[in-house]
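Fold and contact review
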Amino acid sequence: INEFEIDYYSAIIDSSKISQLILESGLHNQTLSRSEESEKNQEIYHSNIVPAIDEFKEKYGKLTPNQVIKKILYEYARKYNLLDNFDCQSFHFVGQKVKSYVWGAITKKDPNIKNLKVSYYPQLYITITPFEIRFCLGYGDQVKDSDISVDKIRKDSQIINKIIQINKDFPEVKIYLNDGEM
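Residues numbered from 1 in each chain as written. Predicted model: local features only at pLDDT ≥ 70, side-chain atom pairs only at ≥ 80, totals over all residues. Heavy atoms only, no water.

1. Topic: the pairing of strand β4 (residues 133-139)
In regular strands, side chains alternate between the two faces of the sheet. As judged from the seven bridges shared by strand β3 (residues 122-128) and β4, these two strands associate in the antiparallel manner. Paired with Ile 128 across the strands is Ile 133, a residue of β4. Linkage of β3 to β4, two consecutive antiparallel strands, is achieved through a turn of four residues. (Pairing = 2+ DSSP bridges. Helix = DSSP H or I, 4+ residues; strand = E, 2+ residues; numbered from the N terminus.)

Below, the structure is given as structure tokens:
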């Protein structure tokens, strides 16, 4: 992780602007390969998005938006002595499809899983979109609702009551359950 000092507020705003640019360019959920539109999408991506990411990197010590998220998560994990048991991962705008968001997560270390550890474990994650930043506790798509790590939280009345109280005290905080607002 780069030790360059970062103005996180500005970096998050600038990441959100790149997310917005992806939306405005019509690239959200588009592919850059293996499709009839891929050549056109690549041209749009390389002429509009890559320069914005390069400008971001120049401003933030060669870090990309996803690397900034990873730095935030890493600093949090280091501060709370989580690094022995947890990894920090981040994901950029382009995967199989272009997304108008960038995100990262703290998830359990597992030497048997090299890629996409976030799919197999609960995670604390940050997502930056054109419209918001989300801090979430979630779990990967390979984790079942009946998994002990999920079930334990769902059945803990103290945790549930604390979440409800936070929501009452801070109405601007939204709580989501399975991608639907609670």
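2. Re the packing of helix α1 (residues 8-24) against helix α2 (residues 38-59)
Look at α1 against α2: their axes get within 10 Å of each other, and the N-to-C directions meet at 175 degrees. Taken as axis vectors, α1 and α2 run roughly antiparallel relative to one another. Mapping the contact onto sequence places Ala 11, Asp 14, Ser 15, Ile 18, Leu 21 and Ile 22 in α1 and Asn 48, Ile 49, Ala 52, Ile 53, Phe 56 and Lys 59 in α2. By residue class, the composition of the contact of α1 with α2 is eight nonpolar, two polar and two charged. (Axes fitted to C-alpha atoms, helices over the stretch in contact; angles between N-to-C directions. Parallel < 35°, antiparallel > 145°, perpendicular 65-115°, else oblique. Contact = heavy atoms within 4.5 Å. Nonpolar A, V, L, I, M, F, W, Y, C, P; charged D, E, K, R; others polar.)

3. Some words on the nonpolar core
Formed by 24 residues in total, the largest nonpolar core has its most connected members in Ile 18, Ile 22, Leu 27 and Ile 49. Secondary structure elements with two or more residues in this core: α1, α2, α3 (65-79), β2 (102-108) and β3. The biggest single contributor to this core is α2, with five residues. Excluding residues that lie within four positions of it along the chain, Leu 27 makes contacts with Ile 22, Asn 41, Ile 44, Tyr 45, Ile 49 and Val 98. (Core = buried A, V, L, I, M, F, W, Y, C linked by side-chain atoms within 4.5 Å. Buried < 20%, exposed > 50% of the residue type's maximum accessible area, 1.4 Å probe, protein only.)

4. Structural notes on unusual backbone geometry
Of note in this structure, Arg 34 is not a glycine but carries a positive phi near 60 degrees. Mapped onto the elements of the fold, Arg 34 is located in the loop between α1 and α2. Judged by its relative accessible area of 75%, Arg 34 is exposed. The phi dihedral of Lys 62 falls on the positive side, at around 70 degrees, and the residue is not glycine. Examined against the element boundaries, Lys 62 turns out to sit in the loop between α2 and α3. Its relative accessible area of 69% is what places Lys 62 among the exposed residues.

5. So, the packing of α1 against α3
Where α1 meets α3, the axes come as close as 10 Å, and the angle between the chain directions of the two elements is 145 degrees. Two packed elements cross with a definite hand, and for α1 against α3 that hand is left-handed. Of α3, the residues touching α1 (which contributes Tyr 8, Ala 11, Ile 12, Ser 15 and Ile 18) are Pro 65, Val 68, Lys 71, Ile 72 and Glu 75. Across the contact of α1 with α3, the residue classes break down as seven nonpolar, one polar and two charged. (Left-handed = near helix turned anticlockwise from the far one by under 90°.)

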